[in-house]
Structure formats: C-alpha cells, structure tokens
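What follows is the residue order along each chain.
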4 protein chains.
Amino acid sequence: MSNGDIFVGEVIGTAILIMFGAGVCAAVTLRHSKARASGWVVIAFGWGMGVLAGAYTAAPLSGGHLNPAVTLGIAIDTGKWDKVWVYLLGQMVGAMIGAVLAYLVYLAQFQANVREKGSSEEPTATLGIFSTIPEIRNPVANLITEIIATIALVLPILAFGLTKGLGESGTTVLIVSLLVVGIGLSLGGPTGYAINPARDLGPRIVHTFLPIPNKGTSDWGYAWVPVAGPLIGGTLAGLIYNAAF
Amino acid sequence: MSNGDIFVGEVIGTAILIMFGAGVCAAVTLRHSKARASGWVVIAFGWGMGVLAGAYTAAPLSGGHLNPAVTLGIAIDTGKWDKVWVYLLGQMVGAMIGAVLAYLVYLAQFQANVREKGSSEEPTATLGIFSTIPEIRNPVANLITEIIATIALVLPILAFGLTKGLGESGTTVLIVSLLVVGIGLSLGGPTGYAINPARDLGPRIVHTFLPIPNKGTSDWGYAWVPVAGPLIGGTLAGLIYNAAF
Amino acid sequence: MSNGDIFVGEVIGTAILIMFGAGVCAAVTLRHSKARASGWVVIAFGWGMGVLAGAYTAAPLSGGHLNPAVTLGIAIDTGKWDKVWVYLLGQMVGAMIGAVLAYLVYLAQFQANVREKGSSEEPTATLGIFSTIPEIRNPVANLITEIIATIALVLPILAFGLTKGLGESGTTVLIVSLLVVGIGLSLGGPTGYAINPARDLGPRIVHTFLPIPNKGTSDWGYAWVPVAGPLIGGTLAGLIYNAAF
Amino acid sequence: MSNGDIFVGEVIGTAILIMFGAGVCAAVTLRHSKARASGWVVIAFGWGMGVLAGAYTAAPLSGGHLNPAVTLGIAIDTGKWDKVWVYLLGQMVGAMIGAVLAYLVYLAQFQANVREKGSSEEPTATLGIFSTIPEIRNPVANLITEIIATIALVLPILAFGLTKGLGESGTTVLIVSLLVVGIGLSLGGPTGYAINPARDLGPRIVHTFLPIPNKGTSDWGYAWVPVAGPLIGGTLAGLIYNAAF
C-alpha cells in the first residue's frame with residue numbers, strides 16, 4: 001500500500017467512523033432529533049456500525065485501522081514502524097473531518113440548541129457529542145478504564161489476524177464492529193469509551209473552534225486521559241499478543 | 001442480466017424493503033400495534049432488516065440495488081448507463097407496491113385510527129409511516145443531511161464491491177443491512193433518513209391516493225428534498241469513489 | 001437424508017425454536033422475570049435467535065426448515081413432495097416439546113402467577129406466551145397480515161437458496177435469523193407474527209392441556225388463522241418464486 | 001494444541017468474556033454509569049459480545065471453549081478427556097481475572113457505591129454484577145432452568161461443529177455469540193443464565209475476597225446451582241448429540 005492510499009483510506013474511513021459516532025451522540029442528545037433519549041443501546045450500536053462503515057470503506061486502501069491504538073498494536077506485533085506516521089496523520093485529519101460532517105448533518109439541531117421562549121429548559125452542553133466525558137472525574141480510575149477497554153479492542157483484533165488485511169474478509173469487519181458494540185455496552189459506562197486517541201482529540205479540536213451555539217466547555221483538562229489511555233492500552237495489547245501467541 | 005430480470009428483481013426487492021420499512025414505522029406509530037412506542041432502535045433495525053430481506057431476494061435477478069442513489073453511484077463508477085432506466089422504473093414501481101403491502105399488513109390498525117368514543121386522543125397523522133418528515137423544517141439543512149447520509153450509504157457499498165454482484169456473497173448483504181441500521185441510528189435524527197428517492201416518493205404517491213382514514217397531509221412541499229438529496233449524494237459518492245480508489 | 005434424520009432434526013430444531021420463542025415471551029410477560037417489560041426489540045431478537053439456534057442445530061440432519069410454510073414453499077419450488085409429511089410431523093412434535101421446555105424453564109414464574117396477598121394486580125393471562133393473539137380481532141385482516149408476513153419469510157429463503165441445504169453455510173442461517181428479527185419488528189404489530197403453523201398450533205395444544213395456574217383461555221376460535229395464513233403464504237411464495245425466478 | 005497454549009488461551013479468553021459480562025452488569029446496575037438502567041437487551045448483547053471477544057481471541061490458542069460445560073460436552077462427544085483438566089483450570093483462573101478486570105474498569109463507580117449525603121438511596125448490592133441470583137429462589141426450578149439453558153448452548157455448538165476448531169471460521173464465533181444473546185433474552189429471566197460454572201463460581205470467589213464497599217452477601221448457599229446445572233446440561237447435551245446425530 002502506498003503512503004497516498006494509506007492516507008486517503010484512513011482519512012475517509014476515520015471521517016466516516018467519527019461522523020457515525022458523533023452523529024449517534026447528537027441523535028440521542030439533541031432536542032428535535034427523532035432518536036432523542038433512545039438510550040445506551042443506540043449509542044453502542046451507532047458507534048459499532050460506524051466502525052463497520054468506516055473500516056469497510058477504508059479496507060481496500062489502508063486496511064482500515066482508523067485508530068492510533070490499533071496502528072500501534074499492529075506495529076508492535078509486526079515490527080514495521082515506517083508507515084505509522086501516515087496512519088496517524090490520516091486518522092487525525094479524518095477524525096476532524098468526521099466531527100465537522102456530524103455537525104453539518106445535525107446543523108439545524110445545533111442551531112436550535114437555545115433556550116426556547118417561555119421554556120425553563122437550558123440548552124444542552126454539546127461536548128459529549130464530540131468527545132468523551134467521565135461520569136466520575138478521577139484521572140487514575142479513568143485512565144485504568146481506558147487502558148483496559150483498549151486492550152479489549154486491540155488484543156482480539158491482533159489475535160484474529162487483522163494484520164493480515166482487513167479487506168480480505170467481510171466477516172472480520174463485521175466481528176470487529178460487534179466487538180466495538182460490546183465494548184460500548186460493557187466497558188463504556190465510566191468514561192464513554194474513547195479507546196481511540198484520534199476519536200477523542202480530533203473532535204475536541206473541532207469543538208473548540210466550531211461556532212456552535214451554547215456549546216459549553218471543551219474540557220481540555222481531561223483531554224490527555226483519552227489519548228494516553230488508549231496509547232498505553234494499544235501498546236500493552238501488542239506486548240501481550242507477542243508474549244502469549 | 002436481462003432487462004426483464006432486472007425489472008422483476010428491483011420490483012420485488014424494493015417492494016419488500018418498503019414493506020418492512022413502512023411496516024416498522026406503522027408498528028411503532030399506530031395504536032393497537034404490539035410494537036407501539038418501542039423506540040428508535042426498532043425503527044433502525046426494521047429498515048436495516050428490510051434491506052436484508054429485499055436485497056437478499058433481489059440479488060439473483062438484479063443484484064439488489066433497490067435505490068436510485070445506489071444505481072446512480074454504480075453507473076458513475078462503471079460508466080454503464082444503459083440499464084439505469086430499468087432499475088429506476090423497477091424501484092419506483094416496487095416502492096409503491098411495498099407501501100400498499102404495508103398498508104394491507106396494518107389494515108385493521110389503519111381503519112381503527114379514528115378518535116375513539118369518549119377519548120380525547122386525536123387520530124395519528126400517517127404520513128410519517130410512508131414518507132419522511134423533517135424534525136426541523138429547513139430545506140438547506142435537510143438537504144445537507146440527506147446528501148451526507150446518502151454518501152455514507154453509497155461510498156461504502158462502492159468500496160466493498162457491490163458492483164461485483166451482491167448475489168455472490170451473503171456477508172455483503174448482511175453488512176449493507178447493518179450499514180443501513182447504523183445510518184438510521186446515527187444520521188437519521190434530523191430528517192428520518194430517506195437516503196433513497198424511491199423510498200420516499202413512491203410511498204408518498206401511495207399516501208396521496210390511498211383511502212386511509214384521518215391520514216392528514218401528504219406534504220408535497222417537502223417531497224423534493226428526499227429526492228434531490230439522495231440523488232446528489234449518490235452522484236458525489238460515485239465521484240469521490242472514482243477519485244479516491 | 002433419511003426419514004429418521006429428518007424427523008429427529010425437525011423435532012430437535014423446532015423444539016429449540018419454540019423454547020426460545022415462548023421463552024422470550026415468558027421473559028417479557030411474567031412477573032419475577034429479570035427481562036420483565038423489556039420491550040418489543042427483545043421479543044423480536046429472542047424469536048430470531050431461536051431460529052438461529054434451532055436451524056443451526058437441525059441443519060446437519062434435516063436442513064432445518066422448522067416451519068410447515070417453509071417446507072411447503074420448498075416442495076412447490078422443487079416438486080418433491082414425498083418427505084413433506086415427515087417434516088410436518090417432526091415440526092408439530094417439536095413445537096409441542098418446545099412449549100413444554102419453555103414452561104419448565106419458567107416453572108417457578110408460572111407457579112407464582114397468582115394474585116399476591118394484599119395486591120390488586122391480577123394474574124397474567126398466559127396464552128400470549130404460547131400462541132399468537134391479534135391486537136384487533138378481525139379474521140380477514142389478520143389472515144392478510146399472516147399471509148403477507150409469511151411470503152416475506154419464505155420468498156427470500158427460496159431466492160437465496162435454502163433449498164440447496166442450510167447446513168452448508170453458517171451465513172445463511174444467520175441471515176434467515178435476522179430476516180425473522182425483521183419480520184417481527186416490521187410486520188409483527190397486528191397479530192404477533194405466527195408465520196408458522198406449527199409455532200402457533202403446537203404450543204396452543206400444550207397450553208390447553210398443561211396445568212398452568214390462572215392460564216386463562218386457549219382461544220381456539222382464532223386458532224385457524226395462524227395455521228391457514230402461513231400455509232397460504234408459503235404456497236404463494238412458492239408460486240411467486242417459480243414465476244419470477 | 002499444547003497444554004500451555006490451551007491454558008493461556010482459556011485464561012485470556014475467559015477473562016475477556018467475564019470482563020465483558022460482569023462489565024455490562026456493572027454498567028446497567030451502578031450509579032454514575034452512562035448505561036445505568038438501560039435494560040435487558042443491553043445485558044444480553046453485552047454477554048453475547050463478550051463471548052465474541054473472548055472466543056475470537058482464544059480461538060488460535062485453545063479453540064475458545066471458555067466454559068466447562070462446553071468442554072464437557074465436547075469431551076463426551078469426542079471421547080478425548082486428557083486435556084479437560086487444562087481447559088477447566090484455565091477457565092477458572094480466567095474467570096477470576098476477568099472479574100477483577102471488570103472491578104478495575106468500574107473502580108470509581110464501585111467506590112462511589114455509598115449512601116450519598118442527604119440521600120435516602122441505599123448502596124446497591126453488588127453480587128448481581130459478579131454472579132447470578134435467581135428471581136425466585138427455588139433450587140429445583142432454578143436447577144431445571146440452568147440445565148435446559150445449558151443444553152440450548154452446548155447442543156447447537158456440537159451440532160455445528162465447534163469441535164472442528166472454532167478458529168477456522170469467524171462466522172462460527174459470530175453465531176455462537178448471537179446464540180448466547182438469544183439464550184439471555186429467552187431463557188435468562190428466571191436465574192440470570194449462568195450456563196457456565198466458571199462464569200459463576202470464579203467471580204463469586206472474587207466477590208468474596210475483593211474489598212468492595214457495601215458489597216453485601218456473596219450468597220454461597222446458592223452457588224452450587226449454577227455449577228451443577230451447567231455441568232449436568234453439558235453432559236446431557238453431549239449424550240443427546242451422540243444419540244441423535
């Protein structure tokens with residue numbers, strides 16, 4: 001795979017992933033959405049099907065990593081590091097584009113996020129649509145959660161042979177997508193499961209700069225946790241894989 | 001594939017798709033349905049499994065496009081335009097038949113959609129069962145939503161090789177179905193995700209002419225958005241695919 | 001396949017199907033169940049995964065029809081009628097065994113289905129756990145619903161080649177299961193989707209004879225609809241398939 | 001497969017399974033979880049995707065049994081008993097590790113499980129996150145439920161050929177995962193579906209020893225049911241399989 005193909009694939013694939021993921025958070029969060037308050041099962045399946053859509057599309061170009069933690073785990077496993085920077089660059093650019101696309105899909109909903117006349121309902125803070133917010137703010141516990149949840153993503157991917165090329169098997173894409181559904185359902189409760197540094201950092205940058213009405217804080221004080229946790233988790237998954245398999 | 005096979009396949013497949021899709025909207029909307037008020041996850045899976053049922057059935061005859069936006073994207077990709085009119089004709093006829101079938105499945109429920117004696121509950125407007133209605137009526141924003149959501153459908157289909165024949169692989173049908181589940185969950189909140197001109201226009205025509213009690217407006221003023229949006233989206237997906245892959 | 005294998009396969013497979021299906025209805029209906037009132041999505045997935053479990057198990061022995069309407073559609077398609085009686089006999093016996101198994105799984109719950117001391121809550125009628133009950137009792141409309149919903153089951157199965165042996169492909173089992181999930185979500189609202197004569201008749205017989213506390217009526221006046229509707233639907237699906245494909 | 005590979009595979013795979021399963025119970029049960037009170041469908045899919053993640057990962061090393069009842073059923077079918085102890089040891093060790101990992105993922109939530117100032121809400125008993133608790137305590141009925149539900153797991157696995165190596169087919173892993181989703185939805189209502197002695201006993205030991213605030217009883221009086229029931233069920237499944245197939 002050429003650097004150009006990898007970059008384009010990761011940009012498109014990660015943009016699709018984040019558009020679906022931020023999109024489903026917007027769908028469940030914002031007033032005037034048909035999916036408003038439809039619950040955690042919708043969040044978990046929305047993100048999982050985002051992986052399906054993104055990896056599915058990126059597979060022929062880049063193999064569809066869409067996640068620096070996955071790229072890192074694969075690099076540790078295979079020992080090939082020369083393309084890593086291309087993957088990471090594509091993932092960050094793609095994540096930012098995806099967040100903008102989700103904003104555009106829900107444009108009218110974001111613009112309507114104001115206190116309505118005669119209503120006492122406050123506008124909704126929008127950061128949770130873009131990036132993760134822990135339920136209980138405890139950096140050590142939050143970091144542990146993100147590390148373990150990322151191992152639960154990367155170790156199965158390595159074990160089943162994502163490294164051999166995601167594009168070869170539709171079933172593999174499907175299983176990884178359902179794996180992400182499961183991580184959301186089971187391990188997402190405390191921190192909202194970043195498990196992907198680009199997934200959290202890219203949209204947070206977009207949230208900081210986009211002119212969204214009543215958007216509230218971008219909470220940069222927490223931003224290191226969903227970057228460091230998944231990078232540590234991806235590294236540990238690669239090391240566990242090399243030791244055990 | 002002969003024109004006859006394509007036409008029959010698209011009629012049957014699109015009829016099944018719309019019967020499931022309009023059916024699940026009836027199931028969740030109408031009084032006296034066992035699935036009443038069962039939520040957005042039911043809507044999204046109902047439409048997704050409609051794609052599975054319809055594409056599954058149409059695949060051996062026509063490849064199972066079931067959607068003018070998909071046909072358009074594939075034509076742009078392959079450069080073959082001579083069969084496009086057969087696909088579109090079949091899709092429109094099928095969509096209308098499917099809407100009638102959903103009406104027949106819920107016949108007793110539609111007939112019971114009257115103000116009951118002593119009740120203050122008004123009959124339910126039924127257009128939302130047949131065609132899409134935006135949560136916030138804003139043609140520019142609604143068009144953007146439909147364009148982006150349709151790209152999110154057609155680009156992955158092109159990338160994974162639907163053009164090589166849907167009938168060859170059960171897994172492909174399954175993945176496209178789950179992709180549609182994901183589009184519903186993530187991108188369906190603002191407009192109800194037409195992402196298919198036939199899916200919206202065919203049932204709207206049926207809604208206009210069927211003698212449904214208390215059916216309310218057919219809202220023809222909005223009808224151009226869920227036709228134009230998906231056609232633009234399918235075209236853009238074809239162009240992006242040709243440029244990037 | 002020998003008659004013995006077919007019979008054993010259909011008994012085991014249909015018993016598993018009905019155990020899951022009646023089981024999920026018990027799970028959602030009965031007091032003292034962890035899944036109480038968990039909604040229509042649980043019902044639809046429970047029945048769908050029952051098809052998966054039953055067809056999966058029966059496939060190597062009988063091909064896993066589990067449904068007289070499927071057997072009928074396949075016989076019309078292939079013109080082979082000599083084994084049909086073995087399939088039907090196995091399906092009826094299996095359906096009755098499955099209903100008894102579901103009763104045993106929820107034994108303590110059924111026994112606790114009494115008016116509790118000091119409570120005004122009446123015991124729950126249990127027929128809906130075993131057999132279908134229409135929301136609106138209208139034999140013509142109910143029959144139309146069952147006919148169309150059964151065509152939506154059997155026609156895709158024929159088109160995708162169930163007749164070539166379900167056992168050959170795990171993906172086919174999976175897709176048929178999700179098809180049944182979709183039929184439940186989209187077409188199950190009016191009658192509770194029998195779409196299978198054995199699924200309704202076998203458990204109704206068991207409901208009549210089992211000594212369940214406070215079980216209420218077995219409603220034999222409606223019993224012909226979920227038998228006749230699916231048989232007509234399966235026949236029509238076979239005829240449509242032969243004409244169109 | 002060497003004893004070392006089997007042990008490592010079963011430890012890792014069962015740890016992942018239990019982490020997902022106990023995790024989803026924590027997600028739905030504990031205050032300050034984003035998935036709080038999200039319902040039975042979340043529980044059933046969380047455990048099912050835990051099977052997917054664990055079996056997926058363990059498959060290349062051990063075939064991914066993750067369950068003494070499955071190992072027992074396979075041993076009865078194949079007549080090979082010499083590796084059984086390695087499987088069981090790995091499963092027990094893995095189940096305990098998985099319970100600790102779920103505790104770590106929800107560390108802040110467990111620590112916040114105290115009566116909050118000025119609130120009358122009592123802390124939540126936590127055993128249900130780790131092990132099963134019957135809705136109605138009736139050892140005979142509970143045992144019957146666990147026996148039948150385990151047959152519904154092991155018999156389909158045997159019939160579809162898990163014994164030929166789970167690692168060979170991603171589709172098989174997927175189907176077994178959805179089978180477990182179905183067992184949860186349909187048969188989990190009365191006892192919470194242990195269907196796996198290691199799944200219940202390992203986490204119960206961990207619950208007994210972990211210093212969890214306000215953890216409540218570990219209920220050892222019930223512990224034999226979710227061990228004996230699945231072992232009997234796995235044995236019966238093996239015998240039925242040998243007789244019928």
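For the structure itself, consult the block above.
Values in this document were obtained by computation on a predicted structure and should not be read as measured data.

Along chain A, the regular secondary structure elements total 10 helices and zero strands. Starting at the N terminus and ending at the C terminus, chain A contains elements arranged as α-α-α-α-α-α-α-α-α-α. Here the C-alpha atoms of chain A give a radius of gyration of 17 Å, agreeing with the 18 Å that 2.2 N^0.38 yields for 245 residues. Counting all 245 residues of chain A, 68% fall into the buried class. Carbon and sulfur atoms make up 66% of the accessible area of chain A, which totals about 7,500 Å².

All right, on to the environment of Leu 66 of chain B then. Residues and elements named next belong to chain B. With respect to the helices, strands and loops of the structure, Leu 66 is situated in the loop between α2 (40-62) and α3 (68-78). Placed 44 residues apart in sequence, Leu 66 and Ala 22 show a C-alpha to C-alpha distance of 15 Å. Each residue touching Leu 66, except ones within four places of it in the same chain, is listed here: Glu 10, Gly 13, Thr 14, Leu 17, Val 51, Gly 54, Ala 55, Ala 58, Gln 91 and Asn 196.

Attention shifts here to the pattern of salt bridges. Residue and element names in this part refer to chain B. Tallied over the entire structure, the rule returns 16 salt bridges over all chains. The shortest N-O distance in the salt bridge between Asp 219 and Arg 137 comes to 2.9 Å. Of the two residues, Asp 219 sits in the loop between α9 (197-209) and α10 (225-244) while Arg 137 sits in the loop between α6 (127-130) and α7 (139-160), which places them 82 residues apart along the sequence. On the basis of relative accessibility, which here comes to 14%, the residue Asp 219 falls in the buried class. Among the salt bridges present, the one from Arg 204 reaches Asp 200, with a minimum N-O distance of 2.7 Å. One end of the pair is Arg 204 and the other is Asp 200, both in helix α9 and four residues apart, which spans about a single turn. The residues Arg 204 and Asp 200 share a single accessibility class, namely buried.

Moving on: α2 of chain B. Residue and element names in this part refer to chain B. Between its first and last C-alpha, α2 extends 31 Å over 23 residues, near the 33 Å set by a 1.5 Å rise per residue. When the local axis directions of α2 are compared, the greatest deviation, roughly 30°, occurs at Tyr 56, which is followed within four positions by the proline Pro 60. Counted residue by residue, α2 has 22 buried out of 23 residues, so it is predominantly covered.

Right, let's talk about the interface of chain D and chain C for a bit. Listed by partner, the interface residues are 35 residues for chain D and 35 residues for chain C. Roughly 3,100 Å² of surface becomes buried between chain D and chain C when both sides are summed, with 79% attributable to carbon and sulfur atoms. The tally of links from chain D across to chain C stands at one salt bridge. As a salt-bridge pair, Lys 34 of chain C and Glu 135 of chain D come within 3.4 Å of each other at their nearest N and O atoms. At the boundary of chain D with chain C, the tally comes to seven residue pairs in polar contact (both at pLDDT 80 or more). Listing elements by their share of the side of chain D that touches chain C, those giving two or more residues are α2 (40-62), α7 (139-160) and α8 (170-187) of chain D. Sorting elements by how many residues they give to the side of chain D that touches chain C places α8 of chain D first, with 12 residues. Across the side of chain D that touches chain C, the residue classes break down as 24 nonpolar, 10 polar and one charged.

The rules behind the values
Residues numbered from 1 in each chain as written. Chains lettered and ligands numbered in written order. Predicted model: local features only at pLDDT ≥ 70, side-chain atom pairs only at ≥ 80, totals over all residues. Heavy atoms only, no water. Helix = DSSP H or I, 4+ residues; strand = E, 2+ residues; numbered from the N terminus. Rg over C-alpha atoms; globule rule 2.2 N^0.38 Å. Buried < 20%, exposed > 50% of the residue type's maximum accessible area, 1.4 Å probe, protein only. Areas by Shrake-Rupley, 256 points an atom, 1.4 Å probe, with all protein chains shown as cover. Contact = heavy atoms within 4.5 Å. Salt bridge = Lys/Arg side-chain N within 4 Å of Asp/Glu carboxyl O. Expected span 1.5 Å × (residues − 1). Bend = angle between axes of the 7 residues up to and from the residue. Buried area = accessible area lost by both parts, 1.4 Å probe. Polar contact = N/O pair within 3.5 Å; in protein donor to acceptor, adjacent residues only side chain to side chain. Nonpolar A, V, L, I, M, F, W, Y, C, P; charged D, E, K, R; others polar.

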